[in-house]
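Chains, contacts and geometry: an overview
Take a look at the letters that make up each chain.
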4 protein chains.
Amino acid sequence: MTHPATVGNVEVIDRSVSRKAADTGTRIRDAAVRLFAARGYAATGIREIADDAGVTTAALYHHMGSKQDLLLTIMRDAMHELIAGARSAVADASGPAEELAGLARAHVTYNGENLIDAYVGDAEIRSLDHSNRARIVKLRDSYEQLWAEVIAQGVVSGDFQIGEQKLFRLAAIQMCNGITYWYTPAGPTSLAAIADELAGFALAMAGCRHGLASPVRAQTGPGEGS
Amino acid sequence: MTHPATVGNVEVIDRSVSRKAADTGTRIRDAAVRLFAARGYAATGIREIADDAGVTTAALYHHMGSKQDLLLTIMRDAMHELIAGARSAVADASGPAEELAGLARAHVTYNGENLIDAYVGDAEIRSLDHSNRARIVKLRDSYEQLWAEVIAQGVVSGDFQIGEQKLFRLAAIQMCNGITYWYTPAGPTSLAAIADELAGFALAMAGCRHGLASPVRAQTGPGEGS
Amino acid sequence: MTHPATVGNVEVIDRSVSRKAADTGTRIRDAAVRLFAARGYAATGIREIADDAGVTTAALYHHMGSKQDLLLTIMRDAMHELIAGARSAVADASGPAEELAGLARAHVTYNGENLIDAYVGDAEIRSLDHSNRARIVKLRDSYEQLWAEVIAQGVVSGDFQIGEQKLFRLAAIQMCNGITYWYTPAGPTSLAAIADELAGFALAMAGCRHGLASPVRAQTGPGEGS
Amino acid sequence: MTHPATVGNVEVIDRSVSRKAADTGTRIRDAAVRLFAARGYAATGIREIADDAGVTTAALYHHMGSKQDLLLTIMRDAMHELIAGARSAVADASGPAEELAGLARAHVTYNGENLIDAYVGDAEIRSLDHSNRARIVKLRDSYEQLWAEVIAQGVVSGDFQIGEQKLFRLAAIQMCNGITYWYTPAGPTSLAAIADELAGFALAMAGCRHGLASPVRAQTGPGEGS
DNA sequence: AATGAATGAGGCTTCATTCAT
DNA sequence: AATGAATGAAGCCTCATTCAT
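In this text, all values refer to a predicted model and were calculated from it rather than measured experimentally.

Reading the values: rules and limits
Residues numbered from 1 in each chain as written. Chains lettered and ligands numbered in written order. Predicted model: local features only at pLDDT ≥ 70, side-chain atom pairs only at ≥ 80, totals over all residues. Heavy atoms only, no water. Near = heavy atom within 4 Å. Polar contact = N/O pair within 3.5 Å; in protein donor to acceptor, adjacent residues only side chain to side chain. Helix = DSSP H or I, 4+ residues; strand = E, 2+ residues; numbered from the N terminus. Salt bridge = Lys/Arg side-chain N within 4 Å of Asp/Glu carboxyl O. Buried < 20%, exposed > 50% of the residue type's maximum accessible area, 1.4 Å probe, protein only. Contact = heavy atoms within 4.5 Å. Buried area = accessible area lost by both parts, 1.4 Å probe. Phe/Tyr/Trp six-rings, centres within 6.5 Å; stacked < 30°, edge-to-face > 60°. Lys NZ or Arg CZ within 6 Å of the ring centre and 35° of its normal. Least-squares fit on C-alpha atoms with pLDDT ≥ 70 in both. Axes fitted to C-alpha atoms, helices over the stretch in contact; angles between N-to-C directions. Parallel < 35°, antiparallel > 145°, perpendicular 65-115°, else oblique. pLDDT = per-residue confidence, 0-100.

**Thoughts on the protein's contact with DNA strand F**
Residues in contact with DNA strand F amount to 29 residues; listed here are only the nearest, Tyr61 and Lys67 of chain A, His63 of chain B, Tyr61 of chain C together with His63 of chain D. When the atoms of DNA strand F within 4 Å of the protein are grouped by moiety, sugar and phosphate amount to 59% of the total. Lys67 of chain A is positioned with one of its side-chain polar atoms (N or O) 2.9 Å from a phosphate oxygen of DNA strand F. In this structure, a phosphate oxygen belonging to DNA strand F sits 3.4 Å away from a side-chain N or O atom of His62 of chain D. Residue assignment for the surface near DNA strand F shows that the elements contributing at least two residues are helix H3 (46–53) and helix H4 (57–64) of chain A, helix H4 (57–64) of chain B, helix H3 (46–53) and helix H4 (57–64) of chain C together with helix H4 (57–64) of chain D.

Right, dumping it as structure tokens:
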């Protein structure tokens, strides 16, 4: 109910519109992500969330269920968006190198544009209870599967020089993920530029830095080159 | 899973000795790291730690001070060891490429051999109170400074082809750090092999995969082959 | 398990009719008795009742008033039926022995046929608020008065050999009441047979086991043999 | 820790002594029984118990565990005492009639002397959680088994004229149990006299009112005759 | 006749910590 | 060096009820 079915520019508009009169559920969810990201799930009180959202704790439960429910909702939404972005990136690319670069850029972009959701999604898996964790892990596995397929194809085609594919995959994703821990929109480098840079790193790690005929991405803003 | 001062066979001996009468402080510290890693700082109760260590909560306070003190101790120790390892790796290497590879391997090795300490050190910075966090961040900065210097030298010397040095540093460290989240000693690949692989990735990211005359992992000790 | 105005075969018919479109009030009341009997008044939530009845809590309030109102309704109905049954039993009998046996049988029969209503009526007096409790206690007193009169007459007539009449009354009613705690229609003995047996116990306690010319249970209806 | 190993006059003395400086655990337990009896388990707040016992809720948990633990302790103690009393009553008697009378008197006596414990033990079985309920039901079954054996022997020996033994047992116990609902030490009749009277009822129900050569109990106080 | 939203009060329980012994 | 007792604050959550629609 928070993330729109289609991601893109439209979303941004919708968000800015709905923010003006965000419904209670959304206000609660937003407050929760913010606080979970700032303090951690366990260290965040339900009353803090309620206060932050401007509702009573009882209203919070009326709308969103338990604290655990809130976490599940947040993480599930995040995974769904991440996966959708990755699918779309692969679809838009042709050839293993472009696909890998696309996956890296999509990951970085999603994380950069949804910093706190991504951070929570990354850091709070252990805070999910047994069955909820299973659900999220399943989603995460299906996300990683997208990477695994691209990597395997690149190895088969000879585009990539990779030893252990799993090791490569984990290292590459982890590298892209790192943005969550230090990126800020206020920084000097645009998100798109960072995404390109990290995509370049991923290709280098795969042994095909020069595999892309054209620069990875054309839209890099002025003054953000290396 | 105490982190011994020296790693290797000696460690085992130390362990069997210390097991006979592991002092109370150590038992408490070990229990705390284990639980902080498993559940997170905020979600771990002081009584759980005490129970796990086989002491009363009162004894815990007597020996180790508050829960926050425990966390600080753990994180400070971890940072000190990490820094010591990095310093020693740089000292043993000659030339930017070897140094960078050494840093990567040292990071991976420390994290792999002290999984839970490394994980806590990574995940619980936000659980430190204001002044403690400042202390640890200062240590972390001095650690990153080691990387920064190596990177800068490599760029100056022309060994590395790196755009934004800070971005590279964060991405590389993050990649190495990832091992914390998935490595298990029971896995098929030895820690040394993983360390070499990731060091190779780092060099590739720096644009000098072929910069090392000899194979990256020449220093691998006996009995640790992949 | 609504208590029908008349018990017997007619009841079944009434049920099948009312089932088709049991009115909301009845559905709520039925759900309430069921849950009060199963968990107790205090342990039953108004939302559980509403859910069980298939209505919203708001609708519940609209139809039946508060939780306390529901309890009062249930208990008052139960007392009224119990009293009506006792009156009719006394009217149909002649002589103290028959009357006492009739009271016992009526009590057992009502409780057996309306297990949960009877149980709630018995167990939840303390859950009534001050003024409601007064109302129900008044009804209960008037019910016990019926027993008191029969007992007194039997003592005067010499049919009964009873020491303390109050003690006897309480013991006898309590004994009959016990059925609430263990009777189940699925058991091997018919309710009528149980009622006869307990009526016999009451007479024995009154010192006139042999005071009835004919067997106690002459009135047993067809098809209800033990 | 509340009920003494041996019941009897000594107990009364111990109680009065310990009451002067009752330890915290006992104070809590006593407050709990009192409130559970007065309002019911579900309707009693943990804070009410703590206030009544003069401790904080945290101290209550320190000493007695959860509300459910408190209930289990109370019920288990009550069952143990009841069973001990019944065993001792049977041991002191000779012949089915005396044994049955003894069981009845013991039951009435225990309930009369421990009104609130007995009441709670009777009324709150449904408030026990699954596993605790199983424990108490097991104890209750072993208690009823004592009655069952005496009854069976009396039937075999010809002392008792009883149809369905189980029905008789339930009715008799229920009758004795009733005292819980109306007895008060301030009443005109002594507990011993009531116990004798109810024991006489039980024998009458068993069809052997005159089976005892001597009066059921000699100690009946003056002025308490029928 | 019906309902979704809202709420203040309170439910039970655990928290990290202190202190007298 | 060690501990049992104690506590104020806070933990998450549910309560019965009302009310605008």
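Having seen the structure, we can now continue with the description.
**Some thoughts on the protein's contact with DNA strand E**
Near DNA strand E, the surroundings consist of 29 residues, among which His63 of chain A, Tyr61 of chain B, His63 of chain C together with Ile46 and Tyr61 of chain D are the closest. Counting only atoms of DNA strand E within 4 Å of the protein, the sugar-phosphate share comes to 57%. A distance of 2.3 Å is found between a phosphate oxygen of DNA strand E and a side-chain nitrogen or oxygen belonging to Tyr61 of chain B. Residue Arg47 of chain D places a side-chain N or O atom 3.1 Å away from a base nitrogen belonging to DNA strand E.

**With respect to the pattern of salt bridges**
What the rule picks out here adds up to 28 salt bridges over all chains. Here Asp77 of chain A and Arg29 of chain A are joined by a salt bridge, their closest N and O atoms 3.3 Å apart. Taken together, the residues Asp77 of chain A in helix H5 (residues 67–92) and Arg29 of chain A in helix H2 (residues 24–39) connect sequence positions 48 residues apart. Relative accessible area serves as the criterion here: at 11%, Asp77 of chain A is assigned to the buried category. For Asp117 of chain D, the salt bridge goes to Arg29 of chain D, with nearest N and O atoms at 2.8 Å. Taken together, the residues Asp117 of chain D in helix H7 (residues 115–123) and Arg29 of chain D in helix H2 (residues 24–39) connect sequence positions 88 residues apart. By the burial criterion, Asp117 of chain D is buried, and Arg29 of chain D matches it. Three or more residues joined by partner-sharing salt bridges are found here, namely Arg29, Asp77 and Asp117 of chain A.

**What about the interface of chain A and chain B?**
Quite often, the size of an interface is put as the accessible area lost when its parts meet. Facing 34 residues of chain A, the contacting portion of chain B comprises 33 residues. By the criterion of area lost to chain B, the three top residues of chain A are Arg126, Leu167 and Gln174 of chain A, representing 26% of everything that side buries. Along the contact surface separating chain A from chain B lie 2 salt bridges. Here Glu124 of chain A ties to Arg126 of chain B by a salt bridge, and the two come within 2.9 Å at their closest N and O atoms.

**So, the packing of aromatic side chains**
Inspection of every chain in the model, using the stated rule, returns 12 aromatic pairs over all chains. Lying across the ring of Tyr41 of chain A, Lys67 of chain A places its NZ or CZ 4.5 Å from the centre.

**Comments concerning the relation of the copies chain A and chain B**
Two copies of a chain can be linked by a rotation about an axis combined with a shift along that same axis. For the pair chain A and chain B, the best superposition has an RMSD of 0.1 Å and corresponds to a rotation of 180 degrees with a translation of 0.1 Å parallel to the axis. Here the symmetry operator amounts to a two-fold rotation axis. Closest to the rotation axis within chain A is the C-alpha of Met175 of chain A, separated from it by 2.3 Å. Here 97% of the interface residues in chain A have copies in chain B that are interface residues too; the copies meet face to matching face.

**Quick look at the interface of chain D and chain C**
On the chain C side, the residues contacting the 34 residues of chain D number 33 residues. Between chain D and chain C, the buried area comes to about 2,600 Å², and carbon and sulfur atoms account for 60% of it. Three residues, Arg126, Leu167 and Gln174 of chain D, lead the burial of chain D against chain C; their summed loss comes to 26% of the area buried on that side. Counting the contacts that link chain D with chain C gives 2 salt bridges.

**Notes on the relation of the copies chain D and chain C**
After a rotation of 180 degrees and a shift along the axis of 0.1 Å, chain D superposes on chain C with an RMSD of 0.1 Å. Here 97% of the interface residues in chain D have copies in chain C that are interface residues too; the copies meet face to matching face.

**Regarding the side chain of Asn111 of chain D**
Residue and element names in this part refer to chain D. With respect to the helices and strands, Asn111 occurs in helix H6 (residues 96–113). Residue classification places Asn111 among the buried positions, given a relative accessible area of 2%. Side-chain polar atoms of Asn111 contact the side chain of Thr180, separated by 2.9 Å. Not counting residues up to four positions away in its chain, the partners in contact with Asn111 are Leu82, Ala118, Asn177, Ile179 and Thr180.

**As for the packing of helix H5 (residues 67–92) of chain B against helix H7 (residues 115–123) of chain B**
All names here are of chain B. Between H5 and H7, the shortest axis-to-axis distance is 9 Å and the interhelical angle comes to 110 degrees. By the angle between their directions, the pair H5 and H7 is classed as roughly perpendicular. Along the contact surface, H5 presents Leu71, Ile74, Met75 and Ala78, while H7 presents Asp117, Val120 and Gly121.

**Examining the confidence of the model for chain A**
Regions with low pLDDT carry predicted coordinates that are not meant to be interpreted in detail. Residues and elements named next belong to chain A. Across chain A, the average pLDDT comes to 86, with 83% of residues at or above 70. Looking across chain A, the model is least confident in helix H1 (residues 9–20), with a mean pLDDT of 35, and most confident in helix H6 (residues 96–113), with 98. Residue range residues 1–21 is modelled with pLDDT below 50. Its contacts to residues more than four positions away, or to other chains, number 9 contacts. For the stretch residues 213–226, pLDDT sits under 50, and the model shows 14 contacts to residues farther than four places along the chain or on other chains.

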